[in-house]
Amino acid sequence: MSGHVLALSGGVGGAKLAAGLAAVLPPGQLTIAVNTGDDFEHLGLTVCPDIDSVVYALAGLNDTVRGWGVVDESWRAMEMLGRLGEAQWFNLGDRDLAMHVARSWRLRAGESLSDVTARLTGALGIAHRVVPMSDAPVRTQVETAEGWLDFQHYFVREQCRPVARAIRFAGTPGAAPSPGLAEALARPDLAAVVLCPSNPFLSVDPILSVDGVREQLAALRVPFVAVSPLVGGKAIKGPLAKLLGELGRTCDNRAIATHYTGQVDHLIIDESDRAEAEGLRAMGLCATITGTVMCDAEDRERLARVALSAARYGTG
Ligand code: FO1
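None of the values given here were measured: they were computed from a predicted structure.

A.B. asks: So what about the sheet that holds strand β6 (residues 139–144)? Which residues, and what values?
C.D. replies: Taken in spatial order, the three strands line up as β7-β6-β8 in an open sheet, and their pairing is antiparallel. With one partner strand each, in any of the chains shown, β7 (147–150) and β8 (166–170) form the two edges of the open sheet. Going across the sheet, the axis of each strand differs from the next one's by a mean of 30 degrees, ignoring polarity. Here four bridges tie β6 to β7, and the two strands are oriented antiparallel to one another. Counted as the bridge partner of Q141 is D150 from β7. Contacts from helix α8 (residues 200–209) reach β6 and β8 within the one sheet, and its direction differs from that of β8 by about 45 degrees.

A.B. asks: So what's going on with the site of the ligand? Residues and values would help.
C.D. replies: Every residue close to the ligand is listed here: D38, P49, D50, W68, W89, F90, N91, D96, F151, Q152, F155 and V156. In the environment of the ligand, an oxygen atom lies 2.9 Å from a nitrogen or oxygen atom belonging to the side chain of D50. For the ligand, an oxygen atom lies 2.8 Å from a polar atom in the side chain of Q152. Coverage of the ligand by the protein chains reaches 89% of its 530 Å² of free accessible surface. For the shell around the ligand, the secondary structure elements donating two or more residues are α2 (49–59) and α6 (151–157). For the shell around the ligand, the residue count by class is seven nonpolar, two polar and three charged.

A.B. asks: Please give an account of the nonpolar core that cites residues and values.
C.D. replies: Considering soluble globular proteins, one finds that nonpolar side chains tend to be buried as a cluster. The biggest cluster of nonpolar side chains holds 48 residues, and the ones touching the most others in it are L6, L8, V193, L195, L217 and L267. With five residues, the top contributor of residues to this core is α8. In contact with L217, not counting residues within four places along its chain, are L6, L8, L185, V193, L208, F224 and Q263. Counting 43 residues, the second largest nonpolar core, distinct from the first, contains A15, L25, L30 and L308.

A.B. asks: Give a detailed account of the sheet that holds strand β2 (residues 30–34), specifying residues and quantitative values.
C.D. replies: If you walk across this open sheet you meet the seven strands as β5-β2-β1-β9-β10-β13-β14, and the pairing is parallel. In the strand order of this sheet, the two ends are held by β5 (129–132) and β14 (286–290), each with one partner. Direction aside, the axes of adjacent strands within the sheet are offset by 20 degrees on average. One ladder, built from three bridges, connects strand β9 (residues 190–195) with strand β10 (residues 224–227); its direction is parallel. In the sheet register, V193 faces β10, and the bridge partner there is F224.

A.B. asks: Summarise unusual backbone geometry; cite the residues concerned and give the values.
C.D. replies: T172 connects to P173 through a cis peptide bond whose omega is -10 degrees. Along the chain, the position of P173 falls in the loop between β8 and α7 (179–186). Even without glycine at this site, L43 takes up a positive phi of about 50 degrees. Tracing the sequence through the fold places L43 in the loop between β3 (40–42) and β4 (45–47). Even without being a glycine, Q159 presents a positive backbone phi close to 50 degrees. Looking at where Q159 falls in the secondary structure, it is placed in the loop between α6 and β8.

A.B. asks: Report on the environment of G248, specifying residues and quantitative values.
C.D. replies: Residue placement: G248 occurs in the loop between α10 (240–246) and α11 (253–259). Residues G248 and R274, spaced 26 residues apart in sequence, show a C-alpha to C-alpha distance of 23 Å.

A.B. asks: Any details on the side chain of N253? Residues and values, ideally.
C.D. replies: The topology assignment puts N253 in helix α11. When near neighbours in sequence (up to four residues on either side) are disregarded, N253 contacts S228, L230, L267, I269, D273, E276 and L280.

Reading guide: rules and limits
- Residues numbered from 1 in each chain as written.
- Predicted model: local features only at pLDDT ≥ 70, side-chain atom pairs only at ≥ 80, totals over all residues.
- Heavy atoms only, no water.
- Pairing = 2+ DSSP bridges.
- Helix = DSSP H or I, 4+ residues; strand = E, 2+ residues; numbered from the N terminus.
- Axes fitted to C-alpha atoms, helices over the stretch in contact; angles between N-to-C directions.
- Contact = heavy atoms within 4.5 Å.
- Near = heavy atom within 4 Å.
- Polar contact = N/O pair within 3.5 Å; in protein donor to acceptor, adjacent residues only side chain to side chain.
- Areas by Shrake-Rupley, 256 points an atom, 1.4 Å probe, with all protein chains shown as cover.
- Nonpolar A, V, L, I, M, F, W, Y, C, P; charged D, E, K, R; others polar.
- Core = buried A, V, L, I, M, F, W, Y, C linked by side-chain atoms within 4.5 Å.
- Buried < 20%, exposed > 50% of the residue type's maximum accessible area, 1.4 Å probe, protein only.

Structure follows, in structure tokens:
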């Protein structure tokens, strides 16, 4: 089978599977639509952490140890910014800074985020389509005892310490899908949707909140496969387990499946969560059990093939 695959991705974990999909699918058969709810303006620059995680992963430039930013990074600009008395809580590496400068001046000159992303991916030799979920600014915010915090203030500055009461996506409704996402959703040859292992509340919900996207996805008659971000009942990285508790959910795949009711029809879970498969099947979902931890390119490609085969998509 062939046809087009739409992948929805957040940052770190999502970017790894996105890179795996790009390794097994030709450029014309894959669109990767990326969360931009984490984006923010910092020191006059527009920072798009999830787009950059996907771009760096596809370009082979990602720092796999830190999980974000560019490999072989240096921090001279940050040191100088510190001497100049500027904010130090959000670390911009020298190479990463170039990305933000290139993006920011072009956005300010009137290019859309889609155009800028296409330009930057092309410049880095990425042939696959990486598109923002929307060209309109959408900003994830977390409600805490101190009020609503912008996402990076909650995530990086406060290290996810405040208890989360609610999450909202400022700018929605009112944010249209980017041209690339709209085109992928409308393709007559769309054969599968793959939800990368990203945080459902912080990384995937913003994409689903873009005008019409949740409804269009629910109306599609193609397999919709999600890779669970949980491994052994825990998130590999990030605040998902803490958030699930604070939002009154259990920290298991049942909570993930419940969250995606009406959207996803197949959940891929880690071997360590094997015992949960029967419960998921009782909820009417297909469940595939496999190793979902991606340590290297081989793991990423293998998991991409498992996801595509769960979507009944042959890769030969
Ligand atoms: N995460 C951190 O924990 N500390 C940082 O200083 C930091 C800087 C940073 C710079 C650029 C970038 O693209 C991402 C960066 N991240 C940092 C990661 C990022 O904020 C989050 O991991 C994502 O938003 C969550 O997907």
